[in-house]
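Residues per chain are reported as follows:
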Amino acid sequence: MKGITILGATGTIGLNTLEVIKQHQDKFKVIALTANRDVDGLSALCLKWLPRYAVMADAQAAEQLEQRLKPAQLPIQVLSGKAGLIKVASLPEIEIVMAAIVGGAGLTSTLAAAEAGKRILLANKEALVMSGQLLLATVFKHDAELLPIDSEHNAVFQCIPPSHFNSAKGYDHSPARIKTPAAFVDSGISRILLTASGGPFRHYSDEQMQTVTPEQACAHPNWKMGPKISVDSATMMNKGLEIIEACWLFSVQPHHVEVLLHPQSVIHSLVEYIDGSVLAQLGNPDMRTPIAHALGWPERISSGVKRLNLAEIGQLHFESVDFKKFPCLQLAYDAMLAGGTTTTILNAANEIAVQAFLQKRLRFTDIPRVIEVTLSHLTGRVVTQLDLILEEDTRAREFATEIVNQYSTTNYH
Ligand code: NAD
Ligand code: MG
């Protein structure tokens, strides 16, 4: 029986994880569940899953949860804040941590899981974008495992031979033994192709893009996701973050990672080899597949996902991506090439801009502008300590907030 902590249990990924675990209660035991401020959501999950720990983001929400759970007299310890998250990410009785908090808020708990040598199922791509080098070095140092939940990276992981990774345990990223691009070629791989649905506005004119609302942006054609990643998908910054994520996870240079538009989201990504072979992973667009893959790895376990019926689908479609329409993609490539904390700055500015858009304080088309202006004013540094990375993150958030305020007073009606 493997103990599991689910960070971000009330979110889309958290709930899908519980859906998979429900089918394998002989293999996995839920030990801890966490949420931001959704007391209703977490109390319902606590009553159903009876974890030993429940964590809310702040003391007030934790107090409310405690009161809510009191009548049931369950042996659930309610904790709060960063300290609570770090504790449940590193409990000795857990083997697996699902890192499914959205945004930079998930970084410290993901790192804590790495320090405690856990198997990390990484949905929280922002943690890797903010601190790729630090996170991977920590994973290696403490003999942890990092398995990708992002469907594209999980697909690539399935299409890459184990020999690409130094360790039979999965990713092994000693800074000394990190795979160089030469090693990438040694594995016979020539390219990683990340597929992208193109989001809901692929066919919108520039004029239509100007007036896009949060409601439209959150209505993704293929995937049901939280609001932040839905907006990221609509601007294609999600794919930008995924390019950076792929560079870290698979130790490749940005030019080895390309984006292919595939509106149906059936092929989740592809790996091209020097002999002309291209391996792909296919499946219905349902996050329970990568979640089950990583939970069970290296074994396969069922996920409850509907079988893929290719005859019913008939045709698969592909297009090349329009970098002019989706400037976030180039911003992400450039940030990864610039290195250091440039990607921390990119992520911070994006989070601020997306939040402002969701609150109707910023136009959709101003999201990439805020990021670009922030990146052009702040220079990334080569730092690997958490406190310095968090300092850079705060600096970028403050700067981006000022830019958002300028745009929102002058441009948004
Ligand atoms: P979501 O908004 O549905 O859920 C986010 C979870 O994080 C919730 O449980 C929320 O309570 C918690 N949370 C939010 N802010 C927090 C804070 N400040 N402190 C503590 N907890 C906080 O998001 P999601 O769609 O489940 O995505 C989660 C992560 O997984 C994101 O990083 C996203 O990019 C990634 N991801 C999601 C999908 C998907 O299909 N939804 C696919 C790939 C990757
Ligand atoms: Mg993805």
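What counts and what doesn't
Residues numbered from 1 in each chain as written. Chains lettered and ligands numbered in written order. Predicted model: local features only at pLDDT ≥ 70, side-chain atom pairs only at ≥ 80, totals over all residues. Heavy atoms only, no water. Near = heavy atom within 4 Å. Polar contact = N/O pair within 3.5 Å; in protein donor to acceptor, adjacent residues only side chain to side chain. Nonpolar A, V, L, I, M, F, W, Y, C, P; charged D, E, K, R; others polar. Domains from an automatic or database assignment. pLDDT = per-residue confidence, 0-100. Contact = heavy atoms within 4.5 Å. Helix = DSSP H or I, 4+ residues; strand = E, 2+ residues; numbered from the N terminus. Buried < 20%, exposed > 50% of the residue type's maximum accessible area, 1.4 Å probe, protein only. Pairing = 2+ DSSP bridges. Axes fitted to C-alpha atoms, helices over the stretch in contact; angles between N-to-C directions.

**Student:** Run through the site of ligand 1, naming residues and quoting values.
**Tutor:** Near ligand 1 you find 23 residues, and of these Thr10, Ile13, Asn36, Glu126 and Gly226 are the closest. For ligand 1, an oxygen atom lies 3.0 Å from a polar atom in the backbone of Thr12. Backbone polar atom of Ala123 to an oxygen atom of ligand 1: 3.4 Å apart, as the coordinates give it. Looking at the shell around ligand 1, its residues break down into 13 nonpolar, seven polar and three charged. Mapped onto the domain boundaries, the shell around ligand 1 takes at least three residues apiece from domain 1 (2-143) and domain 2 (173-323).

**Student:** Break down the confidence of the model for the protein for me, citing the residues and quoting the values.
**Tutor:** For any part of a model where pLDDT is low, the fine detail of the predicted coordinates should not be relied upon. Taken residue by residue, the protein gives an average pLDDT of 93. The fraction at 70 or more is 93%. Taken as a whole, residues 167-179 scores under 50 in pLDDT and shows 34 contacts with residues more than four places along the chain or in a different chain.

**Student:** Can you lay out the environment of Ala356 for me, pointing to particular residues and giving the numbers?
**Tutor:** When you line up the elements, Ala356 lands in helix α16 (residues 342-358). Relative accessible area serves as the criterion here: at 0%, Ala356 is assigned to the buried category. When the C-alpha positions of Ala356 and Leu308 are compared, they lie 38 Å apart, and in sequence the two are 48 residues distant.

**Student:** How would you sum up the sheet that holds strand β3 (residues 53-56)? Please name residues and give values.
**Tutor:** Spatial ordering of the open sheet is given by β4-β3-β2-β1-β5-β6-β7, a layout of seven strands whose pairing is parallel. For this open sheet the edge positions go to β4 (77-80) and β7 (145-148), each flanked by a neighbour on one side alone. Direction aside, neighbouring strands of the sheet carry axes that sit 20° apart on average. In the sheet, strand β1 (residues 2-7) pairs with strand β2 (residues 28-35) via five bridges, with the strands oriented parallel. Paired with Lys2 across the bridge in β2 is Phe28. Along the sheet face, helix α2 (residues 39-49) touches β2 and β3 and points at about 165° away from the line of β2. This element, helix α4 (residues 81-89), spans β1, β2, β3, β4 and β5 (96-99) of the sheet and lies at about 125° to β4.

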